[in-house]
Amino acid sequence: MSKEDSMTRTLTHLERLEAESIHIMREVVAEAEHPVMLYSVGKDSAVMLHLARKAFYPSPPPFPLLHVDTTWKFRDMYALRDRMATESGMELLVYQNPEAVEKGINPFDHGPLHTDMWKTEGLKQALDHYGFDVAFGGARRDEEKSRAKERVFSFRSANHRWDPKNQRPELWNLYNAKKSKAESIRCFPISNWTELDIWQYIHLNDIPIVPLYFAEKRPTVERDGMLLMVDDDRFPLRESEVPVERSIRFRTLGCYPLTGAVESEAKTLPEVIQEMLLTTTSERQGRIIDKDGGDASMEKKKQEGYF
Amino acid sequence: MTDPIYQTDALIAEDIDAYLESHQHKSLLRFITCGSVDDGKSTLIGRLLYDSKMIFEDQLAALEADSKRVGTQGQEIDFALLVDGLAAEREQGITIDVAYRFFTTEKRKFIVADTPGHEQYTRNMVTGASTADLAVILIDARKGVLTQTRRHSFLAHLIGIRNIVLAVNKMDLVDYSQKVFDDIVADYRIFADSIGIQAFTAMPISGFKGDNITALSPNTPWYQGKPLIQHLEEVEVDNIVDQAKPFRMAVQWVNRPNLDFRGFSGQIASGTVKPGDEVRVLPSGKTSTVSRIVTLDGDLAEAVAGQSVTICLADEIDCSRGDVLAIADHPPQVADQFEASIVWMSDEHLIPGRPYWLKLGTQMVSATIQPPKYQVNVNTMEHLAARTLELNGIGVAVVSTDKPIVFEPYDQSRTLGGFILIDRMTNATVAAGMLHFSLRRAQNVHWQALDVSREAHAVMKNQTPAVLWFTGLSGAGKSTIANLVEKKLHALGKHTFLLDGDNVRHGLNKDLGFTETDRIENIRRVGEVARLMADAGLIVLSAFISPFRAERDMVRHMMPDGEFIEVHIDTPLAEAEKRDVKGLYKKARAGELKNFTGIDSPYEPPENPEIRIDTTKLSPEDAAELIVERLLA
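Scope of this entry: the structure provided in the associated data block. Just so you know, these numbers come straight off a predicted model, no measurement behind them.

### Overview of the overall build of chain B
Part 1 of the reasoning: In terms of helices and strands, chain B carries 20 helices and 28 strands.
Part 2 of the reasoning: Every one of the 633 residues in chain B was classed for burial, and the buried ones make up 58%.
Part 3 of the reasoning: Long-range pairs, those at least 24 residues apart, make up 72% of the contacts in chain B between residues at least 6 apart in sequence.
Part 4 of the reasoning: Carbon together with sulfur atoms contributes 51% to the accessible area of chain B, which is approximately 26,300 Å² in total.

### Observations regarding the overall build of chain A
Part 1 of the reasoning: Scanning chain A for helices and strands turns up ten helices and ten strands.
Part 2 of the reasoning: Counting across all 307 residues of chain A, residues that qualify as buried make up 62%.
Part 3 of the reasoning: The long-range fraction of contacts in chain A, counting pairs at least 24 apart against all pairs at least 6 apart in sequence, stands at 72%.
Part 4 of the reasoning: Of the roughly 11,700 Å² of accessible surface on chain A, a fraction of 49% belongs to carbon and sulfur atoms.

### Things to note about the pattern of salt bridges
Side chains that differ in charge, positive against negative, can pair when their charged atoms come close.
All names here are of chain A.
Part 1 of the reasoning: As enumerated under the stated definition, the model contains 58 salt bridges over all chains in all.
Part 2 of the reasoning: The shortest N-O distance in the salt bridge between E121 and K124 comes to 3.4 Å. With a gap of three residues between them, E121 and K124 both fall in helix 7 (residues 112–130), about one helical turn apart.
Part 3 of the reasoning: Under the relative-accessibility criterion, E121 is labelled partly exposed at 33%.
Part 4 of the reasoning: Residue class for K124 comes out buried when judged on its relative accessible area of 16%.

### Quick notes on the sheet that holds strand 5 (residues 163–169) of chain B
All names here are of chain B.
Part 1 of the reasoning: The strand order across the open sheet built from six strands is 2-3-1-4-5-6, with neighbouring strands paired in mixed fashion. Taken across any chain shown, the strands that pair with only one partner, and hence form the sheet edges, are strand 2 (99–104) and strand 6 (201–204). Taking each pair of neighbouring strands and ignoring which way they run, the sheet shows an average axis angle of 25°.
Part 2 of the reasoning: In terms of strand pairing, strand 1 (residues 27–34) meets strand 3 (residues 108–114) through seven bridges, oriented parallel. For F31, the partnering residue across the bridge sits in strand 3 and is V112.
Part 3 of the reasoning: Sitting on the sheet, helix 8 (residues 147–158) is in contact with strand 1, strand 4 (134–140) and strand 5, with an inclination near 175° to strand 4.

### Observations concerning helix 7 of chain A
All names here are of chain A.
Part 1 of the reasoning: In a regular helix each residue adds 1.5 Å, so 19 residues correspond to 27 Å; helix 7 covers 26 Å between its end C-alpha atoms and thus fits that length.
Part 2 of the reasoning: Bending of helix 7 peaks at approximately 35° at the position of G122.
Part 3 of the reasoning: Looking only at helix 7, the buried set comprises H114, T115, M117, W118, T120, G122, L123, K124, A126 and L127.

### Quick look at the interface of chain B and chain A
Part 1 of the reasoning: Between chain B and chain A, the contact holds 85 residues from the first and 67 residues from the second.
Part 2 of the reasoning: Carbon and sulfur atoms supply 58% of the area that chain B and chain A bury against each other, a total of about 6,700 Å² over both sides.
Part 3 of the reasoning: The largest share of the area that chain B buries against chain A comes from F102(B), W253(B) and L296(B), three residues that together contribute 10% of it.
Part 4 of the reasoning: Of the charged contacts, one joins R30(B) and E20(A) as a salt bridge, the two residues approaching to 3.2 Å between their closest N and O atoms.
Part 5 of the reasoning: At the junction of chain B with chain A, the criterion picks out 27 residue pairs in polar contact (both at pLDDT 80 or more).
Part 6 of the reasoning: Sorting elements by how many residues they give to the side of chain B that touches chain A places helix 2 (residues 16–23) of chain B first, with five residues.

### Examining the packing of aromatic side chains
Residues and elements named next belong to chain A.
Part 1 of the reasoning: If you walk through the whole model with that rule in mind, you get 26 aromatic pairs over all chains.
Part 2 of the reasoning: Ring geometry for W193 and Y201: centres 5.0 Å apart, planes at 85°, overall edge-to-face. Y201 shares its class with W193; the two are buried.
Part 3 of the reasoning: Following the ring pairs from residue to residue traces out a cluster consisting of W72, F74, F108, F235, F250 and Y256.

### Structural notes on unusual backbone geometry
Part 1 of the reasoning: Omega for the peptide link from Y57(A) to P58(A) comes to 10°, which places this bond in the cis form.
Part 2 of the reasoning: A positive phi angle, close to 55°, is found at D175(B), a residue other than glycine.
Part 3 of the reasoning: Among the structural elements, D175(B) can be located in the loop between strand 5 and helix 9 (178–195).
Part 4 of the reasoning: Of the residues examined, D175(B) reaches a relative accessible area of 67% and is grouped as exposed.
Part 5 of the reasoning: In this model, N392(B) sits at a positive phi of 70°, which is unusual for a non-glycine residue.
Part 6 of the reasoning: For N392(B), the position within the fold is in the loop between strand 20 (383–384) and strand 21 (394–407).

### Re the side chain of E170(A)
Part 1 of the reasoning: Counting through the fold element by element, E170(A) comes out in the loop between strand 5 (153–156) and strand 6 (184–187).
Part 2 of the reasoning: Salt bridges are absent for the buried E170(A), whose nearest opposite-charge side chain, R141(A), sits at 4.2 Å.
Part 3 of the reasoning: Separated by 2.8 Å, the side chain of E170(A) and the backbone nitrogen of V152(A) make a polar contact.
Part 4 of the reasoning: For E170(A), the residues in contact, after removing those within four places along its chain, are R141(A), R151(A), V152(A), F153(A), Y175(A), T127(B) and S130(B).

### Some remarks on the packing of helix 2 (residues 13–31) of chain A against helix 8 (residues 195–205) of chain A
Residue and element names in this part refer to chain A.
Part 1 of the reasoning: As a packed pair, helix 2 and helix 8 sit with axes 11 Å apart at the nearest point and diverge in direction by 95°. Between helix 2 and helix 8, the angle is such that the two are roughly perpendicular. Touching H13, L14, L17 and E18 of helix 2 are D197, Q200, Y201 and L204, all from helix 8.
Part 2 of the reasoning: Looking at the contact of helix 2 with helix 8, its residues break down into four nonpolar, two polar and two charged.

Rules and cut-offs
Residues numbered from 1 in each chain as written. Chains lettered and ligands numbered in written order. Predicted model: local features only at pLDDT ≥ 70, side-chain atom pairs only at ≥ 80, totals over all residues. Heavy atoms only, no water. Helix = DSSP H or I, 4+ residues; strand = E, 2+ residues; numbered from the N terminus. Buried < 20%, exposed > 50% of the residue type's maximum accessible area, 1.4 Å probe, protein only. Contact = heavy atoms within 4.5 Å. Areas by Shrake-Rupley, 256 points an atom, 1.4 Å probe, with all protein chains shown as cover. Salt bridge = Lys/Arg side-chain N within 4 Å of Asp/Glu carboxyl O. Pairing = 2+ DSSP bridges. Axes fitted to C-alpha atoms, helices over the stretch in contact; angles between N-to-C directions. Expected span 1.5 Å × (residues − 1). Bend = angle between axes of the 7 residues up to and from the residue. Buried area = accessible area lost by both parts, 1.4 Å probe. Polar contact = N/O pair within 3.5 Å; in protein donor to acceptor, adjacent residues only side chain to side chain. Phe/Tyr/Trp six-rings, centres within 6.5 Å; stacked < 30°, edge-to-face > 60°. Lys, Arg positive; Asp, Glu negative; His and termini not counted. Parallel < 35°, antiparallel > 145°, perpendicular 65-115°, else oblique. Nonpolar A, V, L, I, M, F, W, Y, C, P; charged D, E, K, R; others polar.

Set out below in structure tokens:
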């Protein structure tokens, strides 16, 4: 073997994914006027943030983090969010839709309106408020079928709508970031990562994630076929409902009343990965949001401006 | 499903750390599947996902229900439904688009670009193919090589995919017949040769039954190759090939956190780099030495093609976004005019001469496209005359940029040879292109410096070199007048040479026919020869119909300013046809000669020729006299 002489080296799939994501982020920074990174504190956001730090090192990532808050995230998420902003040296912007604040919109009383107002409307308002023209998001193509066909640079009209029929062709690693003043771009640098890639990368790079991803005894109730965690005293218990301590963890994180837990004993990252690999249900099954509105619900939400 | 390729469950359950260790060393192969639903493409992808356990229980439950409801496979699972999750969107009238799917085996991770096969989705297929290392071209064993097989192969080859797998599918429906398979492969080989595909790997499979997918099938004992998955696991990825090429990195961003640090960030397009390497910044040509390769995980001793890094140089030299860092003694070319293949991707057709944004690597310049030299019929590979390119149209045209750009031919570098065109009004991406070669070299290209320069050649001959380019209809009198001009110049002691169409075709261009491309190539070669002769100090006379402005302009741009003298031998068609010295017009009118200029192929007269000869007013003798006068004036 003349492997040493030839100096060629097969990049691993994670090295290639990493290099691609970094390339995408640098293109945005070079061509956008006012970019921002949407930070949801989940595992995908954690990887995206880590990639941003790699892309611009030794500079801190030259854009702020934006958390579109619903006030209903898990407490652990708020804690990690503040810690990561400090560690990365980036500015953290937290936006809460003032109308939703005023009306006290919550997932228990308002159903789909909750996601609509806090997340979809909140995001649009935040982007308009700060005048961001490109927003990084941590969506992956393996998550959901409408995402499987979305571009890395995804165009939004002046009123933030996505038009799946009219996407720009995206060839090689050439991204077209040109747009008119009122339009904006959602950019997905980890489009080509899978759930396993994300976990593997977190493991290899020792990236901090919310402890809720690991199993622990937590107070839960079973409701409509889902295991919900009672994260604070805002959780309205129904008659006959008594929180039960169960060893649970979460595969995805969102608003705690909308996020189903799985019973698990996986306390370490390898154990979590092990469980994920042996599991038989897809990742977003624990999320209510994908289901209301039928089969194409995510696509519909995206068209309306949801990430 | 007891296939060892996917049998990782045991390891996952018993020793997750060992599994993770093995998993993190997997390489990545990106491939594209080409074929229509009828060829079993969706079934094949569905099977790959299913066999590699990429389908979860909830998805499988939905699939089983769908299979019974609308499936075409009786009570069996219809894998096609899994992939055609886009079917719902199709019903809503959404453009069928590239979908990316992911699966993994023991040895590799895979990203499949699942692209639609119909002609109206050519642009989608090109998009999916642009990032692929390999293409799986599906053929229905019952149908053999079809028009769409040819189209898919042409597109895959056009976009530069080196690894082509010809998957002859549905072998179960032809009783696993070796003869059927061999005949299809032989058929395909003839076609592949004709479009320049040098090698491909053929395999008999059944996506539905699973033959030769993960393991060799007992149904095809005559098949000596590998099963599909094994081939996909072992084929060499482009990344390895790229590492063997000279170092190039397009600078994306200058990293300047403080006054003490200045690094150049980019993704290495080809080659390898390490501290101490001498590099050149293009287009300026300035050189420096790599001092550090910086990453968050620490400085690197070496970086290779595909990696995103930040490079620091030993000297404070100018370098910014759009520049290219390259190995100093083997830099890429810099030019501002090119021949390129263009795939049009917009509903609004190409407008020749209109400025578009051109993005190549990290360079963004303004560019204009000349009317295409020809368009390719993607079904027959015929070259057709075209004035523009419509949606999904593929053609070859001259691209001019408003300033020189750093580039490499596409077949050497996807990164420095592939570009997109952007509409300046709508900002839409309207086309993708692949540069073939430059037509006009920019000044800071490093030519082999010759001690005896072209000026020295000319001085010794006591003349100014020139190319007199005679253009006009067949029978206009080009050769006659050019001959007279040469005689007169010769008598005056000038060093001349006459390049005549017929003579050149007996030798230099005897491999060329009379198709559109061949005629263009004919002119290009003649142009190059004329240029070399002018470099040697000669006065060159070329007599060619050369009906298209684009080609004449191409030759004009090969020459130094003022040395190309276009002589339009202007004879009306009626007059030329009346003379019909060689009897060609009669044949053309009778339909015996195709693509005859003036009859069924256009002649584009020069707009501003240096010299125009009206043969209805001037005799050949007088015309020659006039040309000599003007030349020596």
